[in-house]
Every structure is written in structure tokens, then in C-alpha cells.
Amino acid sequence: MTPIELYIHIPFCVKKCLYCDFLSGVFDEKMQRRYTAALCTEIKFIAATHPNCIISTIYVGGGTPSWLSEDLMDAIITTVKECFKIDPLAEISVECNPGTLSAEKLNVYRSIGINRLSIGLQSANDDELKELGRIHDYNRFLHTFDLVRKAGFDNVNVDIMTGLPHQNITKLEKTLNSVTMLRPEHISAYSLIIEKGTPFYEKYRFDAVKQQAGMETEELPTDEEAYRLYKFTMEYLENKGYKRYEISNYARNGKICRHNVGYWDRVPYLGVGLGSASLFDNVRTTNLRDIYKYVEISEAIDSGTIPSSELSSPYFDSEEQLSKKDAMEEFMFLGLRKIEGVARSDFFQMFGIDIEAIYGPIITALRNQGFMEAKEGRLYLTDIGIDVSNQVLSKFLLDK
Ligand code: SF4
């Protein structure tokens with residue numbers, strides 16, 4: 001049996017946040033039902049083409065999966081259980097947003113085996129939440145968090161953001177203090193990125209360019225301020241007992257997100273749903289991104305016709321066989337995001353060659369510059385290496 005991870009994409013949100021470029025949108029309940037039926041068809045389809053797999057983690061992401069009614073979530077998880085073998089100790093996570101959960105919904109989640117929730121707070125300051133275009137205020141988040149705990153969830157992540165417009169240490173400290181007082185098991189702290197095609201891009205793109213050029217900005221924190229906010233977050237969380245295990249992720253009592261760690265370790269994963277990616281047998285695929293096409297394909301399969309495709313699944317938009325070189329690069333890029341880095345033995349086991357034979361001169365140069373360290377058979381980035389991780393990781397491209 002091959003251990004795999006399963007990602008399930010739910011592309012629905014109550015309202016689109018102003019900075020968000022994720023594949024999600026506002027659709028009525030009729031489309032949510034149609035999409036869920038299509039998703040269940042795809043789950044059956046992909047299970048039939050991937051026998052002998054056992055699922056170690058399931059991650060339902062989005063979008064706002066918790067916006068789906070409980071019967072739809074039940075239908076999805078039940079279909080997965082009917083089609084795949086699942087490790088009895090599997091981590092089953094669902095992304096949630098404040099204001100989209102109820103006690104009844106959470107009871108259904110528990111009854112179907114969901115055992116980890118990830119709540120998108122982003123900030124404890126209502127003015128920042130409004131600026132981001134979020135649907136909730138801080139009190140609404142508190143109510144949701146309370147419901148989650150009362151329902152018995154003991155593995156909960158809270159997402160927060162740094163680098164927000166007009167954010168300063170005082171505001172960030174309020175968010176960090178408010179969140180850590182609640183003692184969630186896990187905190188993810190991501191920096192705001194101004195993405196093309198979003199209302200934030202229209203509003204802040206000149207500031208973002210100035211920020212990247214290290215110039216004085218008007219509304220976004222300057223490059224230097226953004227760095228201070230990031231460092232402050234790291235030190236604050238570590239002082240409160242949250243151990244950083246990846247560039248943006250912190251856990252207490254070892255409650256890391258197993259699904260994400262598997263992804264950084266290149267455990268094979270299957271993605272179902274709109275736009276989702278899979279990596280299996282070193283073949284990377286992505287699903288199409290048009291929701292109407294997606295449901296039509298499933299509806300055709302339900303009626304007994306498998307739509308023709310040049311790729312190996314009618315759901316695919318792209319399919320790429322990774323070369324050994326691609327796989328090695330990815331092993332380094334993803335593995336070095338983890339604070340513990342990569343194991344030399346894993347590289348050898350995966351590629352049949354010593355890591356030094358491929359990356360020896362790069363590793364030596366990075367160690368001499370203080371960006372990388374080696375200990376107990378592992379290679380990892382130092383704090384200053386992580387600070388400039390984009391530049392450091394680019395050194396592992398083999399064509400350079
Ligand atoms: S809730 Fe999440 S996925 Fe939905 S629009 Fe906001 S940031 Fe994007």
C-alpha cells in the first residue's frame with residue numbers, strides 16, 4: 001500500500017476578500033450541490049485509477065470549505081471513505097472561516113472523523129479585517145473559536161497575516177497576544193502578498209513596487225518594517241511556546257500540520273476538485289479551473305461517458321512527468337522550508353546518489369556564507385539563510 005495525502009478543493013466563499021487570488025468565488029447553494037456531486041464523482045474516478053493507496057492525511061481547503069452545509073461535507077468525506085483505505089490515525093483537516101460554523105455543523109464534522117480545523121482569523125484588529133475585506137470581526141472569530149473548543153476539537157490552527165497596510169508592532173502585538181491567549185495548537189503567520197488581479201493590486205501596486213525596491217512606502221510597511229514585523233512574530237510566538245517548524249508555521253506540543261509536512265517531504269498526493277494539483281509517481285498534474293467544465297465532466301461520467309482528453313484524465317489541465325533533476329530541485333526547495341531541513345539519507349534513498357555529488361559546491365558555499373548548517377546527517381538553513389530564503393533556494397536550481 002502506498003501512503004498518500006489527499007487534498008480536496010472547495011472553491012466557495014461567502015464574499016471575496018480584497019487581497020485574495022485563490023481559486024474561489026461566490027456561488028449559490030445550487031452550484032454548491034452540483035459541485036459537491038461532481039467532486040464525489042471525481043473522487044470515485046481517481047480512486048479507481050489509484051488502487052493500493054492508503055490515505056494518511058486529508059486536507060479540505062479552499063475557498064471556505066466550512067461554508068458548505070454539513071450534509072455536503074458529510075457526502076464528500078463519506079465518499080472518500082467508501083473509495084479509499086484510510087489510515088485509522090489519519091489527520092483530517094478542514095479550513096474554516098469565522099461565522100460559517102455552528103454547533104450542529106461541528107458535531108457532524110466530529111462524527112465523520114474530521115479532527116483538525118484551521119481558522120482564518122488574519123488579524124485581531126477590526127480595522128485591519130475591514131481593510132482586508134474579511135466577512136468577520138474579532139468577536140465573531142472568538143465566538144467561532146469557542147464553538148470549536150466546545151465541540152471538542154483539540155487540534156486547531158489559527159491563520160494570521162503580517163505586512164498589512166498601516167500595520168505596526170503595536171497592532172501586530174495585539175493580534176499575537178489575542179491569539180496566543182487562546183492557546184490554539186498551531187499558528188500560521190503569512191506575509192501579505194499583493195497579487196495581480198485583486199482589488200489590493202489596484203490599490204497598492206505602486207507601494208508594493210516601492211517596498212520591493214527598498215524605498216519609502218505610503219500605506220504598506222516598508223521592506224525594513226515588514227522584516228521587523230516578521231521577526232517580531234517569530235520571537236513572540238517562540239516565547240509563548242510555539243515552535244517554528246517551517247518558514248511560516250508554528251506548533252506547540254508537536255501538533256504540526258502533518259499534511260503540509262508531507263507535502264514538503266514530497267509524499268505522493270492526489271488533489272481533487274477545481275484547480276487542484278497532484279504529485280504521483282513523479283507526475284505532476286493540475287485540474288482545470290473552469291467550474292462549469294468541471295461539473296460537466298463529472299456529469300458526463302455519471303451518465304456513462306468518459307469525455308475524451310489528450311491527458312490521462314478528463315479533469316486535467318496539465319500533466320508533466322518530472323525529470324530526476326526536477327525532483328531533486330523540488331526536494332531541496334520544499335525540504336529546506338522546514339526548520340529541520342533535509343536528511344542526507346532521504347536524498348540518497350530517493351535518488352540513489354549522495355547529496356554532495358549533486359550539490360556539494362553549493363552546500364559548501366552556503367555554509368561558508370553562514371546561510372546553511374549541517375548537523376546529525378541533516379542540512380538546514382540558518383536564521384539568516386531563512387531571511388533570504390528566496391535567494392538561497394534559487395541556488396539549488398541545477399541549470400544555473
Ligand atoms: S476567505 Fe480565503 S479563499 Fe475566500 S476570498 Fe477570503 S482569503 Fe480568499
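Conventions used here
Along each chain, the written sequence defines residue order, and numbers are assigned to residues from 1. Thresholds applied to this predicted model are a pLDDT of at least 70 for local features of residues and 80 or more for the giving and counting of side-chain atom pairs; totals over whole chains, interfaces and linings are not thresholded and use all residues. Note: side-chain values were computed over all heavy atoms of the structure, leaving out hydrogens and water. UniProt positions are given in the numbering used here, feature names are shortened, and annotations may be inferred rather than shown by experiment. Secondary structure counts use DSSP, requiring at least four H or I residues in a row for a helix and at least two E residues in a row for a strand, with both numbered from the N terminus. Throughout, the radius of gyration refers to the C-alpha atoms, and the reference size of a globule is 2.2 Å times the residue count to the power 0.38. Contacts were defined at the residue level, with two residues in contact if any of their heavy atoms lie within 4.5 Å. Each accessible area value is a Shrake-Rupley result obtained with a 1.4 Å probe; residue values ignore everything except the protein chains displayed when judging cover. A pair of aromatic rings is counted whenever rings of Phe, Tyr or Trp (Trp by its six-membered ring) have centres within 6.5 Å, and the orientation is called stacked for planes under 30 degrees apart, edge-to-face for over 60 and tilted otherwise. Relative accessible area decides the class of each residue, using a 1.4 Å probe on protein chains only: under 20% of the type maximum gives buried, over 50% gives exposed, and in between gives partly exposed. Pairing of N or O atoms within 3.5 Å defines a polar contact, subject to two protein rules: one partner must be a possible hydrogen donor and the other a possible acceptor, and residues neighboring in sequence count only if both atoms are side-chain atoms. We call a residue near a given molecule or strand whenever any one of its heavy atoms falls within 4 Å of it. Only Asp, Glu, Lys and Arg are considered charged, only Ala, Val, Leu, Ile, Met, Phe, Trp, Tyr, Cys and Pro nonpolar, and every remaining residue, Gly among them, polar.

- The protein appears in an unreviewed UniProt entry as Heme chaperone HemW from Pseudobutyrivibrio xylanivorans DSM 14809.
- The protein has a UniProt comment under Sequence similarities (unreviewed entry) that states "Belongs to the anaerobic coproporphyrinogen-III oxidase family. HemW subfamily."
- The Subcellular location (unreviewed entry) comment attached to the protein in UniProt states, word for word, "Cytoplasm".

1. As for the overall build of the protein
Stage number 1. Counting secondary structure elements, the protein contains 15 helices and 15 strands.
Stage number 2. Over its C-alpha atoms the protein spans a radius of gyration of 22 Å, differing by no more than 12% from the 21 Å that the globule rule assigns to 400 residues.
Stage number 3. Projected onto its principal axes, the C-alpha coordinates of the protein cover approximately 60 × 55 × 40 Å.
Stage number 4. Of the contacts formed within the protein by residues at least 6 apart in sequence, a portion of 70% connects residues at least 24 apart.
Stage number 5. Surface summary for the protein: the accessible area is close to 18,300 Å², and the carbon and sulfur share equals 52%.

2. Points about the packing of aromatic side chains
Stage number 1. A complete count under the given rule lists 19 aromatic pairs for this structure.
Stage number 2. Pairing Phe 141 with Phe 145 gives two aromatic rings, centres 5.9 Å apart and planes at 40°, and the pair type is tilted. Of this pair, Phe 141 and Phe 145 both sit in helix 5 (residues 138-150), separated by four residues, roughly a single helical turn.
Stage number 3. What makes Phe 145 buried here is its relative accessible area of 5%.
Stage number 4. A ring pair is formed by Phe 232 and Tyr 236, whose centres lie 5.8 Å apart and whose planes are at 40°; its orientation type is tilted. Of this pair, Phe 232 and Tyr 236 are both found in helix 8 (residues 223-239), four residues apart, which corresponds to roughly one turn of the helix.
Stage number 5. We classify Tyr 236 as buried; its relative accessible area is 12%.

3. Some words on the environment of Glu 91
Stage number 1. Within the element layout of this structure, Glu 91 appears in strand 3 (residues 85-96).
Stage number 2. For the pair Glu 91 and Gly 275, spaced 184 residues apart in sequence, the C-alpha to C-alpha distance is 23 Å.
Stage number 3. Ignoring any residue separated from it by four or fewer positions in sequence, one finds Glu 91 in contact with Ser 56, Thr 57, Ile 58, Asn 115, Arg 116, Ile 256, Cys 257, Arg 258 and His 259.
Stage number 4. Of note is the side chain of Glu 91, whose polar atom sits 2.8 Å from the backbone nitrogen of Arg 258.

4. Concerning the UniProt feature "domain: Radical SAM core" (unreviewed entry) in the protein
Stage number 1. The UniProt entry lists residues 1-231 under the feature "domain: Radical SAM core" (unreviewed entry), expressed in the numbering used here.
Stage number 2. Its end C-alpha atoms 42 Å apart, residues 1-231 is made of 44% helix and 22% strand.

5. Focus: the site of the ligand
Stage number 1. Lining the immediate surroundings of the ligand are Cys 13, Lys 15, Lys 16, Cys 17, Tyr 19, Cys 20, Phe 22, Ser 24, Gly 63, Thr 64, Asn 97 and Arg 134.
Stage number 2. A per-class count over the shell around the ligand returns five nonpolar, four polar and three charged.

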